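Chains, contacts and geometry: an overview
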Amino acid sequence: MSNAPATQAYYLPLGTVDGYERFLATGSTVSVWAPTMQHGAPPSALLARAVERCEPRPGTRVARLTMEILGPIPVSEIDVRAWIERPGKRVELVAAEIAATQPDGTRRVVATARAWRIATGETGEVALTFDPPLPPVPAREVVDWSAFPPGWDVGYVRSVDIRDAGTGGRASWVRPLVEVVEGEETSPLVRVFSVADIANGVGAQLDPMHWTFLNTDLTADLFRLPVGEWIGVDVQTSIGPDGVGMCSTVLHDEQGPIGRQLQILEIRARG
């Protein structure tokens, strides 16, 4: 297998059909769990993009977004749309969904998002953060693929530059090496979601050769938007006694913490 990183954007735009934007998912979206399904990060970024572009208003921004993964998201043509679910002058709820054709020919929604968009104001004089910052991004140009479990150096994982944060724990700096949508600049919000779902893998406590631990959702609360291209994930994973786990992450940019994220994990022993 080549050690070259992925170079193709996650999605190629195919136009608009019946109110949906249509995209072709590329090999850069492929999950470590199966070659036919997408990693959770690219579709969450595409949903964030749809939310951000839905009737945008100056002086507002997305502060919280939850993605629900309703089933495997295929590496194929997918359709995306967004709408205002609860309008408001200062606080509004924006919804989005991804639909795809299944192997049996039926079409269904495979992922949804709900996001709170809030009016912004000037609070710089009282700004504060609770969590300490991560150490600076290490000056290293080559991804250390030996840090990943066997078989994980495929698809989406090769589309990001990931570097150990040097904390002695499960923290990493991550940046996307490709565009989310071909030909488009990635916004700060979408950049967060283009890498945030990787936290589940960074914080893995189980050997993926013997266990699967897919997340069913992702919720990110952002008290500020990131500056720069690097996103830090400082991860803590807990595993319950009945097949359910939780991945809790502090999100960072190079200036410090920007928010927190939760993922619920469905854990199974490989048969």
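So, here's what we can say about the structure. Just so we're clear, the structure is a prediction, and the values are computed from it rather than from any experiment.

1. Comments concerning the environment of Glu179
Its place among the elements puts Glu179 in the loop between strand E8 (171–176) and helix H2 (188–195). When the C-alpha atoms of Glu179 and Pro42 are compared, they prove to be 9.9 Å apart, with 137 residues separating the residues in sequence. Sequence-distant contacts of Glu179, defined by excluding residues within four places in its chain, comprise Ala9, Tyr10, Glu184 and Thr186. Here the side chain of Glu179 touches Gly183 through a polar contact of 2.9 Å, landing on its backbone nitrogen.

2. Quick notes on the pattern of salt bridges
Counting across every chain of the model gives 16 salt bridges. Linking Asp131 and Arg260 is a salt bridge whose minimum nitrogen-to-oxygen distance equals 2.8 Å. Residue Asp131 is located in the loop between strand E6 (107–119) and strand E7 (160–164), and its partner Arg260 is located in strand E13 (residues 256–269); the two are separated by 129 residues in the primary sequence. We classify Asp131 as buried; its relative accessible area is 18%. A relative accessible area of 41% places Arg260 in the partly exposed class. Between Arg175 and Asp161 there is a salt bridge, and its shortest N-O distance comes to 3.2 Å.

3. A few points about the nonpolar core
Grouped together as the largest cluster of nonpolar side chains are 59 residues, with contacts concentrated most on Tyr11, Leu65, Val192, Phe193 and Leu251. Residue contributions to this core peak at 7 residues, all from helix H1 (residues 41–53). Core analysis: the next-biggest nonpolar cluster, separate from the first, contains 6 residues, Leu134, Val137, Ala165 and Ala171 among them.

4. Quick notes on the environment of Arg158
With respect to the helices, strands and loops of the structure, Arg158 is situated in the loop between E6 and E7. Under the relative-accessibility criterion, Arg158 is labelled buried at 5%. Each C-alpha atom, one on Arg158 and one on Met37, is 15 Å from the other, the two residues being 121 residues apart in sequence.

5. Brief notes about the layout of surface pockets
In this structure, the largest pocket occupies an estimated 880 Å³ of space. Along the wall of the largest pocket there are 40 residues; nearest its centre are Trp152, Ile198, Asn200, Gly201 and Val202. Volume-wise, the second largest pocket comes out at about 270 Å³. Along its surface, the second largest pocket is lined by Arg61, Thr120, Gly121, Thr123, Gly124, Ala127, Leu128, Thr129, Phe223, Arg224 and Leu225. Considering only residue class, the lining of the second largest pocket consists of 4 nonpolar, 5 polar and 2 charged.

6. Focus: the side chain of Thr26
Following the sequence through the fold, Thr26 ends up in the loop between strand E2 (20–25) and H1. The class for Thr26 is buried, based on a relative accessible area of 5%. Apart from the residues lying within four places of it in its own chain, the contact partners of Thr26 are Gln8, Ala9, Tyr10, Tyr11, Leu12 and Val75.

7. Description of the side chain of Asp253
Among the structural elements, Asp253 can be located in strand E12 (residues 244–253). Aside from chain neighbours lying at most four places away, what touches Asp253 is Trp173, Arg224, Leu225, Pro226, Val227, Trp230 and Ile258.

Reading the values: rules and limits
Residues numbered from 1 in each chain as written. Predicted model: local features only at pLDDT ≥ 70, side-chain atom pairs only at ≥ 80, totals over all residues. Heavy atoms only, no water. Helix = DSSP H or I, 4+ residues; strand = E, 2+ residues; numbered from the N terminus. Contact = heavy atoms within 4.5 Å. Polar contact = N/O pair within 3.5 Å; in protein donor to acceptor, adjacent residues only side chain to side chain. Salt bridge = Lys/Arg side-chain N within 4 Å of Asp/Glu carboxyl O. Buried < 20%, exposed > 50% of the residue type's maximum accessible area, 1.4 Å probe, protein only. Core = buried A, V, L, I, M, F, W, Y, C linked by side-chain atoms within 4.5 Å. 1 Å grid on protein atoms, 1.4 Å probe; cavity = no way out; pocket = protein on both sides within 12 Å on 5 of 7 lines; lining within 4 Å. Points joined across faces, edges and corners; volume = space filled by probe spheres on them. Nonpolar A, V, L, I, M, F, W, Y, C, P; charged D, E, K, R; others polar.

None of the figures reported here should be taken as evidence of function without further support.
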